[in-house]
Amino acid sequence: MPGTWLECIRCGRRYSINEIAYRCESCGGLLDVEHDVDALKSRSAAEWKDLFSRRSRMSGWPYQSGVWAKKEWVAPQIDAENIVSLGEGYTPLLKVRNLAGLPEVWVKECGISHTGSFKDLGMTVLVSHVRQLISQGTQIRAVACASTGDTSAALAAYAAAAGIPAIIFLPRGKISTAQLAQPIAHGAIVLGLETDFDGCMEIVQGITSDHSIYLANSMNALRIEGQKTVGMEIVQQLGWEIPDWIVIPAGNLGNISALGRGLSMMYKLGLIDRLPRIVAAQAENANPLYRSFLTDFEDYQAVQAKKTLASAIQIGAPVSYERAVKALRAFDGIVEEASEDELAEASASADRAGLYACPQTGVALAVLEKLVSRGRIKHSDRVVVISTAHGLKFTDFKVDYHEGRLADVVSRHANPPIYMKADIDAVRDRLAAEIDRR
Ligand SMILES: *Cc1c(COP(=O)(O)O)cnc(C)c1O
Ligand SMILES: [Zn+2]
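This report concerns the structure included in the present document. (Residues numbered from 1 in each chain as written. Chains lettered and ligands numbered in written order. Predicted model: local features only at pLDDT ≥ 70, side-chain atom pairs only at ≥ 80, totals over all residues. Heavy atoms only, no water.)

## Considerations on the coordination of the zinc ion (ligand 2)
As a reminder of what qualifies: The donor definition counts N, O and S atoms within 2.8 Å of each metal and applies 3.2 Å to Na, K and Ca; water is not among these atoms, so some sites may look incomplete. Irregular is the default label, applied whenever a site is not tetrahedral (four donors, all angles between 85 and 135 degrees) and neither square planar nor octahedral (four or six donors, opposite donors over 155 degrees apart, all other angles between 65 and 115). Helix numbers and strand numbers start at the N terminus; a helix is a DSSP run of H or I with at least 4 residues, a strand a run of E with at least 2. Throughout this description, buried means an accessible area under 20% of the type-specific maximum (1.4 Å probe, protein chains only), exposed means over 50%, and partly exposed covers the range between.
Every protein donor of the zinc ion (ligand 2) is listed here as Cys8 (SG), Cys11 (SG), Cys24 (SG) and Cys27 (SG), and their distances to the metal cover 2.3 to 2.4 Å. Of note is the zinc ion (ligand 2), whose four donor atoms meet at the metal with angles of 93 to 119° in an arrangement that counts as tetrahedral. Read from N- to C-terminus, the donor residues coordinating the zinc ion (ligand 2) fall into the pattern C-x2-C-x12-C-x2-C. Note that Cys11 is positioned in the loop between strand E1 (4–8) and strand E2 (14–16) and Cys27 in the loop between E2 and strand E3 (31–35), a separation of 16 residues in sequence. The exposure class assigned to Cys27 is partly exposed, which follows from its relative accessible area of 30%.

Below, the structure written as structure tokens:
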């Protein structure tokens, strides 16, 4: 097979990168994109670092994108004229003091992105790939996904930019208003189904078994290839140094496998000489990976996900479970969970430190705090938390927290607005009291 192909994660059977396939025909396993790593060794580790560093200062197409700056490692098969980019990647890596029980934490702000979440990293590759297939004569009428909100926003935006129809399946009433508005605004066909995410996932798999509608969920390996750049970018932003831990919120489990794949590739190509440990953070109300971890991944059962504020990870039957276990084993990983109260307080604390954390990032921060308090993560460890979406997508969560309206949440940092008459003396007195209280 030339440079890049699809390969079954169970039996190793290979398929052409241009074949439309999401599972192995022999064994039903998921497929991963694999690259000819030996061919990539034609550049030394130092040469790759130099190339990636130079491109990070370039504004020329397509290297203004953090994903396409690493094109050779991600999707060499795609011609430049088929790339659909909205400037994804190169998100800030912030150093935050006194957070989650640590003197300093690095936060990778994946929500500072075109559609407000890390899903842009994968969607640019997937939609570009579809455009390439169409240019080669493949009949594709539309692209489709099931979503807890962010995948649909990203698919709708990239499909709109590419001029390809998008079909979105959402669990009715289970996503935020902002996330519902995004695909509608981009002109996607939006279907709110009377089910949960897992139910939408079944429908979209049925719909896309007719290959003229292309599947855009992360069970599709093309998405993972774009998302894998997040770990590479973190290492690059740390001056090619390796953190001790990376904490990541986990739902359908595509992103944690993507993180692992990017770092593994850097390791194989000699850009790093050891691997960080990975922590998967789950909401207690949707925790199948955590439960499986407690049995050392011997036993796995899908669960019925309960309602959680971390709605983007309210998933009970994660499609990429096997991929995630592979990554966690390779990276000496840990899985931990957070309650509704813990995730809400962790988000609020982060906001008080100047961040604006989405509830999924709250899960990651709460889990980090637990592991620090138990001594699993030490004060001297260098820790990166992956912030997966922008807090602005979750305005209801923020307002309800501060007005004390969230079930199972105490709202210790509640800071509701003060409503009063427009009387200058009363305002002056009140301000004096409020400033003293802080
Ligand atoms: C999709 C998403 C996740 C979970 O990623 P998976 O690949 O499904 O595990 C976490 N946080 C946010 C904000 C997301 O949109
Ligand atoms: Zn197989």
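Now that the structure has been shown, we can carry on.
## Focus on the sheet that holds E2
Put simply, the rule is: One bridge is not enough; two strands pair if DSSP finds at least two bridges between them. Lines fitted to C-alpha atoms define the axes, with helix axes restricted to the stretch in contact, and inter-axis angles between N-to-C directions lie between 0 and 180 degrees.
The strand order E2-E1-E3 describes an open sheet built from three strands, whose pairing is antiparallel. Each edge of the open sheet is held by one strand with a lone partner, namely E2 and E3. On average, each strand axis in the sheet is inclined to that of its neighbour by 40°, with strand direction left out of account.

## Considering the site of ligand 1
Condition: Working definition: residue near molecule or strand if any one of its non-hydrogen atoms lies within 4 Å of it. Counted as a polar contact is a pair of N or O atoms within 3.5 Å, where, for protein atoms, one must be capable of donating a hydrogen and the other of accepting one, and residues adjacent in sequence contribute only when both atoms are in side chains. All accessible areas in this document rest on Shrake-Rupley with a 1.4 Å probe, and a residue is counted as covered only by the protein chains that are shown.
The local shell around ligand 1 holds 14 residues, among which Lys119, Asp150, Asn252, Asn255 and Thr388 are the closest. In this structure, Lys119 approaches ligand 1 through a side-chain N or O atom, which is 2.7 Å from an oxygen atom. Between an oxygen atom of ligand 1 and a main-chain N or O atom of Leu253, the distance comes to 2.8 Å. For ligand 1, whose accessible area on its own is 380 Å², the fraction buried by protein is 98%.

## Considerations on the state of the cysteines
Quick reminder of the rule: Pairs of cysteine sulfur atoms within 2.5 Å are what we label disulfides.
In total, this model carries zero disulfides according to the counting rule given. Its sulfur unpaired, Cys145 is 9.5 Å from the next cysteine sulfur, which belongs to Cys200. Its relative accessible area of 0% is what places Cys145 among the buried residues.

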